[in-house]
Amino acid sequence: MARIVLTVALILHLAGVAFAALGELRNRASLSRAGGFVLLAANAGELLTLIVLGVTASAFPLRTGPEYLLALCGFVLTLHLLLWFRLKVRAAALVLPPVALLMVLSAYLFSVGDAQEHPLQTEGWFVFHTSIATAGVAALAVSFAMSLLFLVKERALKNKRSLRVLAMLPTLEALDRLGFQALLYGFPLLTLGIATGMVYSSAVHNRIWIWGPKEIFPVIAWAVFAGILWARFARGVRGRRSAILAIAGFAIALLAFVGIVR
């Protein structure tokens, strides 16, 4: 059942990405609106998949790597829809839905819903840890998207290119501000996720640290984002350098999936 629902959601997600991107690139409001509503339906289908998985297993649906990817996709797509419907940041449609699509596609290919040989415990600190960490990474995905768009617009302006996409992008100042605000939300959540992960590890493995990808990469990403915050508050660094570091930090955070999915 979960597989069928996810298949429908994946098809809707693909269609939504196509409609939203074409609508923005060709400046067609009707296509953009259609893409937004199709993505909303896809998000509902992905959430329904998680509910079905949880009910079927009688457990919190973050037992496996694919389930974690699906939950992260849901968070990222939800944040995109909030940006799109409430803040009218239409340019996010070029980055966040495709990023979320890669996550749900990975979950699909890794057979979401298949039980692991040694499934993760799903009670207490684990539920809190995974939920907080997922929300944190999703917020950092918004920072990544705004940073990427910042670099695209900055380069185009520097080269004096009249790209059609420039007309739909917010100002460099707005992109920088939105990316930084997302970082201010995501960084505390990532910090709390790492801390609660140590508590969970101590309870399950009798030690607070395990030298694996899912422990090492989030900490490296945390250090990168901590560096961005320090540079902005202490040195006033912003703009291009901050955007590059935000992109690198998000990429490093995603490498944690090497340890989660395998």
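Here the structure is shown first, and the text comes after it.
Residues numbered from 1 in each chain as written. Predicted model: local features only at pLDDT ≥ 70, side-chain atom pairs only at ≥ 80, totals over all residues. Heavy atoms only, no water.

Observations concerning the layout of surface pockets
Gaps left between atoms are located by rolling a probe of water-molecule size over the structure's atoms. Taken as a whole, the second largest pocket spans an internal volume of roughly 380 Å³. As for the second largest pocket, its lining consists of 16 residues, of which Leu79, Leu83, Val142, Ala182 and Tyr185 are closest to the centre. For the lining of the second largest pocket, the elements supplying multiple residues, two or more each, are helix H3 (65-85), helix H5 (125-158) and helix H6 (172-205). Classifying every residue of the lining of the second largest pocket gives 14 nonpolar, 1 polar and 1 charged. (1 Å grid on protein atoms, 1.4 Å probe; cavity = no way out; pocket = protein on both sides within 12 Å on 5 of 7 lines; lining within 4 Å. Points joined across faces, edges and corners; volume = space filled by probe spheres on them. Helix = DSSP H or I, 4+ residues; strand = E, 2+ residues; numbered from the N terminus. Nonpolar A, V, L, I, M, F, W, Y, C, P; charged D, E, K, R; others polar.)

Things to note about helix H8 (residues 240-254)
Along its 15 residues, H8 runs 22 Å from first to last C-alpha, staying within 8% of the 21 Å computed at 1.5 Å per residue. For H8, the set of buried residues is Ser242, Ala243, Ala246, Ile247, Gly249, Phe250, Ile252 and Ala253. (Expected span 1.5 Å × (residues − 1). Buried < 20%, exposed > 50% of the residue type's maximum accessible area, 1.4 Å probe, protein only.)

Overview of the packing of H3 against helix H4 (residues 96-109)
Between H3 and H4, the least distance of the axes is 8 Å, while the angle of their chain directions is 160°. Accordingly, the angle class assigned to the pair H3 and H4 is roughly antiparallel. Considering the relative orientation of H3 and H4, their crossing is left-handed. Judged by residue contacts, Pro66, Leu69, Leu70, Leu72, Cys73, Val76, Leu77, His80 and Leu83 of H3 engage Leu96, Pro97, Ala100, Met103, Val104, Ser106 and Ala107 from H4. Among the residues making up the contact of H3 with H4, the classes are represented as 14 nonpolar, 2 polar and no charged. (Axes fitted to C-alpha atoms, helices over the stretch in contact; angles between N-to-C directions. Parallel < 35°, antiparallel > 145°, perpendicular 65-115°, else oblique. Left-handed = near helix turned anticlockwise from the far one by under 90°. Contact = heavy atoms within 4.5 Å.)

A short note on the packing of H5 against H8
Here H5 crosses H8 at 135°, and the two axes come no closer than 8 Å. Judged by the angle between their axes, H5 and H8 are oblique. For H5 against H8, the interelement crossing comes out left-handed. Contacts between H5 and H8 involve Val137, Leu140, Ala141, Ser143, Phe144, Ser147, Leu148, Phe150, Leu151 and Glu154 from the former and Arg240, Ala243, Ile244, Ala246, Ile247 and Phe250 from the latter. When its residues are assigned to classes, the contact of H5 with H8 shows 12 nonpolar, 2 polar and 2 charged.

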